[in-house]
Amino acid sequence: MPSLERLHSFAICLLMAALLGACASQQPPPPAPSPPSQKAKPSVNEVRRNNVAYFLKRAEQALRKGHLTKPAGASAYDYYLNVQKLDPGNRKAQTGIQTIVVTYVERAREALRRRAFTEVGGLLQRAEMLAPGNPLVAEVRTQLVHERGRAQLDLPQGEAIGLPAAGLRARSENLVTQLRQVAQRIRREQLRVIIVTGNDAEGRWVYQQLREAVPGYRVRGDIKIGSPARLLLINPSGGVQ
């Protein structure tokens, strides 16, 4: 028969096993996994600020590329307008538009120094559309009127033959044909010619067409920078053709 000590030890083991089982059954269940956190949606103000920053960046890029008011929808001016719609009174947009206006005015001043009067008028018109009543535009426009008056006074009297601006820029065949016909008349009537164009390069091209139309004949004339582009035919004897 088993001894009392063995029975006692066996009883103790059974008691411990029972206690361990009870402790294990009383342990709390593992916590349930927490649901994934959802990122909060940006507020309306945050979206507006992000859009303003985006359009300002695109405007600066367009300025560096020289895209002032063209192409439509992708110019610096268009991007600044988008900024002003989102944030009326935005200082950076106001300064940017002013920069575009000043750029056009400076280009107009340069064209005025070259006496390219048609180009000056076009540049001032663009600037004025962006900033009506701008004093810089008004100043250069006054200078334009003055210089045009001086150009008219500097020219002698003569029969004016207009040169189409588009044909002159494109060096069109129709204009070449017109110049050849005029050259024949210059030689036939022994006329002197004043070539009035927006810049020296155009004037030299016109003179070259006249010379090539009458080989061996010396076309007497001069080139003046002015607007509108035209030929002035002058009779050396003093009569107007």
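Keep in mind that what you see is a predicted model, and the values were worked out from it rather than measured.

**Q** What should I look at first to understand the overall build of the protein in this one?
**A** Secondary structure summary: the protein contains 9 helices and 4 strands in total. When the elements of the protein are put in sequence order from the N terminus, they spell out α-α-α-α-α-α-β-α-α-β-α-β-β. For the protein, with 241 residues in total, the buried portion stands at 32%. Nonlocal contacts in the protein, meaning residues at least 24 apart in sequence, comprise 70% of its contacts between residues at least 6 apart.

**Q** Explain the nonpolar core to me, please; I cannot follow it from the model alone.
**A** The tendency in soluble globular proteins is for nonpolar side chains to be buried side by side. Counting residues in hydrophobic clusters, the biggest one holds 31 residues, and the most contacted among them are Tyr80, Ile100, Tyr104, Val120 and Leu124. Sorting the residues of this core by element identifies α2 (44–64), α3 (76–86), α4 (91–113), α5 (117–130) and α6 (135–154) as the ones contributing at least two each. If one sorts the elements of this core by residue count, α4 sits on top with 9 residues. Formed by 22 residues, the second largest nonpolar core is a distinct cluster that contains Val182, Val193, Ala213 and Ala229.

**Q** Got a minute to help me understand helix α9 (residues 200–213) in this structure?
**A** With 14 residues, α9 should reach 20 Å at 1.5 Å per residue; the first-to-last C-alpha distance of 20 Å fits that figure. Between the side-chain oxygen of the N-cap and the backbone nitrogen of Ala201 there are 3.2 Å, and the N-cap of α9 in question is Asn199.

**Q** Mind showing me how you'd approach the packing of helix α8 (residues 173–189) against α9 here?
**A** For the pair α8 and α9, interaxial distance at closest approach is 8 Å and the crossing angle is 60 degrees. Here α8 lies oblique to α9, going by the angle between them. For the pair α8 and α9, the crossing hand works out as right-handed. Between α8 and α9, the residues in contact are Leu175, Val176, Leu179, Arg180, Ala183, Gln184 and Ile186 and Trp205, Val206, Gln209, Leu210 and Ala213, respectively. In the contact of α8 with α9, the residues fall into 9 nonpolar, 2 polar and 1 charged.

**Q** Sorry if this is basic, but what is going on with the packing of aromatic side chains here?
**A** The description of an aromatic ring pair rests on the distance of the ring centres and on the angle between the ring planes. Within the structure shown, the criterion is met by 2 aromatic pairs. Ring geometry for Tyr54 versus Phe55: centroids 5.3 Å apart, planes at 65 degrees, classification edge-to-face. On the basis of relative accessible area, Phe55 is assigned to the buried category, the value being 18%. With a centroid separation of 6.3 Å and 25 degrees between ring planes, the pair formed by Phe55 and Tyr79 is classed as stacked. Of the two residues, Phe55 sits in helix α2 while Tyr79 sits in helix α3, which places them 24 residues apart along the sequence. Tyr79 gets classed as buried once you look at its relative accessible area, which sits at 7%. By the ring-pair criterion, three or more aromatic residues cluster together here, those being Tyr54, Phe55 and Tyr79.

**Q** Sorry if this is basic, but what is going on with the sheet that holds strand β4 (residues 230–234) here?
**A** Note on sheets: strands pair through backbone hydrogen bonds, and any given pair is parallel or antiparallel. Spatial strand order, β1-β4-β2-β3: 4 strands in an open sheet with mixed pairing. The sheet is open, and its two borders are formed by β1 (159–162) and β3 (221–225), each paired with just one other strand. When the angles between neighbouring strand axes are averaged without regard to direction, this sheet yields 20 degrees. Across 4 bridges, the pairing between β1 and β4 is antiparallel. If you follow Gly162 over to β4, its bridge partner there is Arg230.

**Q** Help me understand α5, please; the structure alone is not making it clear to me.
**A** Residues that lie three or four places apart on an α-helix share one face, since the helix turns once every 3.6 residues. For α5, which comprises 14 residues, the first-to-last C-alpha distance of 21 Å matches the rise-based estimate of 20 Å (1.5 Å per residue) to within 8%. Every buried residue of α5 is listed here: Phe117, Val120, Leu123, Leu124, Ala127 and Leu130. One side of α5 carries all its buried residues, which in axial view fall inside an arc of 140 degrees. Seen from the buried face of α5, the exposed residues on the opposite side, beyond 90 degrees, are Thr118, Gln125 and Met129.

**Q** Looking at this structure, how should I read the environment of Ile194?
**A** Summarising the element assignment, Ile194 is placed in strand β2 (residues 192–197). Put simply, Ile194 and Leu232 are 38 residues apart on the chain and 4.9 Å apart in space, counted from C-alpha to C-alpha.

**Q** What is the right way to look at the pattern of salt bridges in this model?
**A** In a structure, side chains of opposite charge can pair up when their charged atoms sit close to one another. For the coordinates displayed, the defined rule picks out 9 salt bridges. A salt bridge links Glu110 to Arg113; the nearest nitrogen and oxygen atoms lie 2.9 Å apart. Of this pair, Glu110 and Arg113 both sit in helix α4, 3 residues apart, roughly one helical turn. Taking relative accessible area as the criterion, Arg113 reaches 59% and is therefore assigned exposed. Its salt-bridge partner being Asp200, residue Arg204 comes within 2.6 Å of it at the nearest N-O pair. Here Asp200 and Arg204 lie together in helix α9, a separation of 4 residues that amounts to about one turn. On the basis of relative accessible area, Asp200 is assigned to the partly exposed category, the value being 36%. Residues participating in the shared-partner salt-bridge network are Glu110, Arg113, Arg114 and Glu119.

Rules used in this analysis
- Residues numbered from 1 in each chain as written.
- Predicted model: local features only at pLDDT ≥ 70, side-chain atom pairs only at ≥ 80, totals over all residues.
- Heavy atoms only, no water.
- Helix = DSSP H or I, 4+ residues; strand = E, 2+ residues; numbered from the N terminus.
- Buried < 20%, exposed > 50% of the residue type's maximum accessible area, 1.4 Å probe, protein only.
- Contact = heavy atoms within 4.5 Å.
- Core = buried A, V, L, I, M, F, W, Y, C linked by side-chain atoms within 4.5 Å.
- Expected span 1.5 Å × (residues − 1).
- Polar contact = N/O pair within 3.5 Å; in protein donor to acceptor, adjacent residues only side chain to side chain.
- Axes fitted to C-alpha atoms, helices over the stretch in contact; angles between N-to-C directions.
- Parallel < 35°, antiparallel > 145°, perpendicular 65-115°, else oblique.
- Left-handed = near helix turned anticlockwise from the far one by under 90°.
- Nonpolar A, V, L, I, M, F, W, Y, C, P; charged D, E, K, R; others polar.
- Phe/Tyr/Trp six-rings, centres within 6.5 Å; stacked < 30°, edge-to-face > 60°.
- Pairing = 2+ DSSP bridges.
- Arc of directions from axis to C-beta.
- Salt bridge = Lys/Arg side-chain N within 4 Å of Asp/Glu carboxyl O.

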